[in-house]
Structure formats: C-alpha cells, structure tokens
Amino acid sequence: MPPLRTALLQSSGRLGDTADNLKALEEAATRAAQAGAGLLVTSEMFLTGYALEIEDIGRLAEPADGMSARAIGEIARRHGVAVLYGYPERDGEAVYNAAQLIGPDGERLASYRKTHLFGCFEQAAFTPGDTLVVQADLYGLRIGIMICYDVEFPENVRAHALAGTDLLLVPTAQMHPFQFVAEQLVPVRAFENQMYIAYVNRTGPEGEFEFVGLSCLASPDGVNRTRAGRGEELVFGEADPELLRASRETNPYLRDRRPGLYASLV
C-alpha cells in the first residue's frame, strides 16, 4: 500500500465569510490534487472562522448534510481528493464545534463533534460532543478525527490507538502562548500511541486570539514529516503504512500496557 500524501491547509480563511472560504478550499484542493495528495485537511472552524460572536456562530452553523457539505462534496469529487474540514454544526437547537470527512467520491464518511471545549468562549458557544472515537477507512488506512484541545488529553489519543487509528486528523485553533503543543506535545502523542497525527492550525490575529501556525504531520517515530511556519501555507507530508507497521513492531508501549492497574484513572 503506497504512502498517503496528505495536504495540510494552514489558514484562517476569512472571518464570517463561508462563500470566500469555500473558494479558498477549492483552490487548495486544486493545488493538493496537482501535488498528488489524496487528502486535504483544514483548520478548526475553517468554514466560518473561529473568533465569531456567539450569535454569528449560531447564524452560520449548518447541518452535517447542509449546503456547504454538498459544495465540499463536489470539490472533493471534482479533484479526487478527500477533505476534512472544520465547521459549526447545527443539530436542532444545539450547535457543535465539528469536523467532517468527505471522501474523494464526494460522499460524507464521518462527522465528529469536539468533546473537550476550551475556555469560556467555546463553553458558551457550543454543546460538547459525546462520542470520543470517530473513524473512517480511507485509502487502506483507519482515519480518526478529533479537534484541537481534544488532543491535549492523553486518554483521548490512547482511545484512538486502542481502536486502531492509523492517521489522526486534528484541525486546530492553537493560540499564543501555547505553541509548545504543536512543537512538542503532538509529536510525543504520535510516538506514544504509534500513529500519524495531522495537526492543522489557524494562523495570525483573529479577534482576541493570535494563532501560531506550526501545523505538522507527526509520525509514529516522533518525527515531523512536514512542518509549516507561522503564516498561511499549504504543506505536504506522507503517511506511510510501511513505516507505521515497522514502528509498531519495534515500539512496545501498547503491548506493555497493564490496564488492570489503571482503574483509578476513570
């Protein structure tokens, strides 16, 4: 099975302008396909922007099968590239900080709702999701999804490791002064859980936030296979099933666990 070339779109898009952000996604999908990528991953809340007023989040939120999902399905199908995008999802009266995976045929494969909401802003704006592990099979790999703050909880990523996730997609809105998460924590999570992690950030000032960029594709040997800078950028990395297999054979973390000792953690 060949490596999966993965495109990481480090961008904040245009705040509150879904139509413009869909155009940016189309442009990125074009470039990703031309570069031989099979998967394009965007940042957290890419579809609408992150630093919105709460009433604007509610106004811009869409159902998982809404107009933007259909438009992104057409983008994915037209370019033959799977797309993972962040957006506010409406389900009845509830609004979730969500991410959805669209296959290269334009079909919806998986939708995830952020389970761990960061800070007063998110806790006021969103309902927390209640499904920890969401996966889909794509290109022979088991793809998992979580969002930003979720990856900072070791229990979350370990749950994905135990469920067989090979490549974990993490759209994020990582802000100053927490850049150590992108620089240090994410590669360690990939190593200790023996998986690839695509961590895709926003960039620059937005409302009261300053996003730090530094998107990366971390591999199970703890190495960053690609790393963005601080500005808007489309970077590429390879998720190699053969490296993953070899790393899992030599790394004993998951085999040497003693779950019977861990009852106090829950």
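None of these values were measured; they are calculated from a predicted model.

A. Representation of the sheet that holds strand β4 (residues 94-102) in the model. If you trace the 6 strands from one edge of the open sheet to the other, you get β5-β4-β3-β2-β1-β14, paired in mixed fashion. Each edge of the open sheet carries a strand with a single partner, namely β5 (108-113) and β14 (233-239). Recorded for the sheet is a direction-independent mean angle of 30° between the axes of neighbouring strands. Pairing geometry for β4 and β5, over 5 bridges, is antiparallel. Bridging from a neighbouring strand, A99 pairs with Y112 of β5.

B. Spatial organisation of helix α7 (residues 241-250). Restricting attention to buried positions, one finds in α7 the residues P241, L244 and S247. Down the axis of α7, the smallest arc covering the buried residues is 125°, so these residues share one side. Residues of α7 that are exposed and point more than 90 degrees away from the buried face comprise E249 and T250. Its side-chain oxygen at 2.9 Å from the backbone nitrogen of E242, D240 defines the N-terminal cap of α7.

C. Examining the sheet that holds strand β9 (residues 196-200) more closely. Ordered by their spatial adjacency, 6 strands build an open sheet running β6-β7-β8-β9-β12-β13, and the pairing between neighbours is mixed. Edge strands, defined here as strands with exactly one partner in the open sheet, are β6 (134-138) and β13 (224-227). Adjacent strand axes in the sheet meet at a mean angle of 15°, parallel and antiparallel pairs treated alike. Where strand β7 (residues 141-145) and strand β8 (residues 167-171) come together, 3 bridges link them in parallel fashion. Within the sheet, the bridge partner assigned to I143 lies in β8 and is L167.

What counts, and where the lines are drawn
- Residues numbered from 1 in each chain as written.
- Predicted model: local features only at pLDDT ≥ 70, side-chain atom pairs only at ≥ 80, totals over all residues.
- Heavy atoms only, no water.
- Pairing = 2+ DSSP bridges.
- Helix = DSSP H or I, 4+ residues; strand = E, 2+ residues; numbered from the N terminus.
- Axes fitted to C-alpha atoms, helices over the stretch in contact; angles between N-to-C directions.
- Buried < 20%, exposed > 50% of the residue type's maximum accessible area, 1.4 Å probe, protein only.
- Arc of directions from axis to C-beta.
- Polar contact = N/O pair within 3.5 Å; in protein donor to acceptor, adjacent residues only side chain to side chain.

Function-wise, these values are silent; they only describe arrangement.
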